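The chain contents come next:
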Amino acid sequence: MSTSPSAVVTAQVDAFNVRDLDGFCATYAPDAVVSGVTPEPIVGRDALRAFYASRFEDAALHCVIDASVTFGDRWLVARELVTTSNGTGETIATFEVRDGLITRASMVKDE
């Protein structure tokens, strides 16, 4: 697998869309920090797994990246349309990728 930000984020979204929790978590560094999905940042794969486990039970869960741009060999900013059983919302996601893993992700959601 390519370790470019685009390839890593694509692998993350693909795993998200088939609700492959192991595959999804494997795209993140063990100490990854994800902000914007909970009031406090989610830190580490174990915390990501705990947070997303119940969300992956939602049969409507789906994500489409309809626009993205990479900056250098570490950063990707994407406009995501995330669908759940509650509807579809827009998220602007910024990912930092190092050594083929997402080390930081920040989500800004359209409220």
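Residues numbered from 1 in each chain as written. Predicted model: local features only at pLDDT ≥ 70, side-chain atom pairs only at ≥ 80, totals over all residues. Heavy atoms only, no water.

K.L.:
Report on the overall build of the protein, specifying residues and quantitative values.
P.N.:
Within the protein, the secondary structure is distributed over three helices and six strands. Its C-alpha atoms give the protein a radius of gyration of 13 Å, near enough to 13 Å, the size a compact globule of 111 residues would have. Put simply, of all contacts in the protein between residues at least 6 apart along the chain, 40% involve residues at least 24 apart. For the protein, the centre of its 9 positive side-chain charges and the centre of its 16 negative side-chain charges are spaced 2 Å apart. (Helix = DSSP H or I, 4+ residues; strand = E, 2+ residues; numbered from the N terminus. Rg over C-alpha atoms; globule rule 2.2 N^0.38 Å. Contact = heavy atoms within 4.5 Å. Lys, Arg positive; Asp, Glu negative; His and termini not counted. Charge placed at Lys NZ, Arg CZ, Asp CG, Glu CD.)

K.L.:
Help me get a handle on the pairing of strand 1 (residues 28-35), residues and values and all.
P.N.:
Where strand 1 and strand 6 (residues 101-109) come together, four bridges link them in parallel fashion. Looking at strand 6, one finds that Y28 is bridged to I102. Bridge count between strand 1 and strand 2 (residues 42-43): two bridges; the pairing is antiparallel. Across the sheet, the residue bridging to V34 is I42, located in strand 2. Between strand 1 and strand 2, which pair antiparallel one after the other, the connecting turn spans six residues, and G36 there sits at a positive phi close to 95°. (Pairing = 2+ DSSP bridges.)

K.L.:
I'd love a proper account of the UniProt feature "domain: SnoaL-like" (unreviewed entry) in the protein, names of residues and values included.
P.N.:
On the UniProt side, "domain: SnoaL-like" (unreviewed entry) is annotated at positions that read residues 9-104 here. Structurally, residues 9-104 is divided into 27% helix and 48% strand, and its ends, taken at the C-alpha atoms, are 12 Å apart. (UniProt positions renumbered as here; feature names shortened; annotations may be inferred.)

K.L.:
Outline helix 1 (residues 5-17), listing residues and values.
P.N.:
With 13 residues, helix 1 should reach 18 Å at 1.5 Å per residue; the first-to-last C-alpha distance of 18 Å fits that figure. The complete set of buried residues in helix 1 reads P5, V8, V9, Q12, V13, A15, F16 and N17. Of the residues trailing helix 1, R19 is marked for its positive phi of about 55°. (Expected span 1.5 Å × (residues − 1). Buried < 20%, exposed > 50% of the residue type's maximum accessible area, 1.4 Å probe, protein only.)

K.L.:
Give a description of the packing of aromatic side chains that names residues and reports values.
P.N.:
Inspection of every chain in the model, using the stated rule, returns eight aromatic pairs. An aromatic cluster is built from F16, F24, Y28, F51, Y52 and F56, whose rings are joined through pairwise contacts. Taking NZ or CZ as reference, R55 lies 3.7 Å from the ring centre of F51, over its face. (Phe/Tyr/Trp six-rings, centres within 6.5 Å; stacked < 30°, edge-to-face > 60°. Lys NZ or Arg CZ within 6 Å of the ring centre and 35° of its normal.)

K.L.:
A description of the sheet that holds strand 4 (residues 75-84) should follow, citing residues and the corresponding values.
P.N.:
Taken in spatial order, the six strands make up an open sheet running 2-1-6-5-4-3, and their pairing is mixed. Each of the sheet's edge strands pairs with one partner strand only, and the pair in question is strand 2 and strand 3 (62-71). Alignment of strand 4 against strand 5 (residues 87-98), held across ten bridges, turns out to be antiparallel. Directly across from V77, in strand 5, lies its bridge partner T94. In this fold helix 1 packs onto strand 1, strand 3, strand 4, strand 5 and strand 6, with an angle of close to 170° to the strand it touches most, strand 3. (Axes fitted to C-alpha atoms, helices over the stretch in contact; angles between N-to-C directions.)

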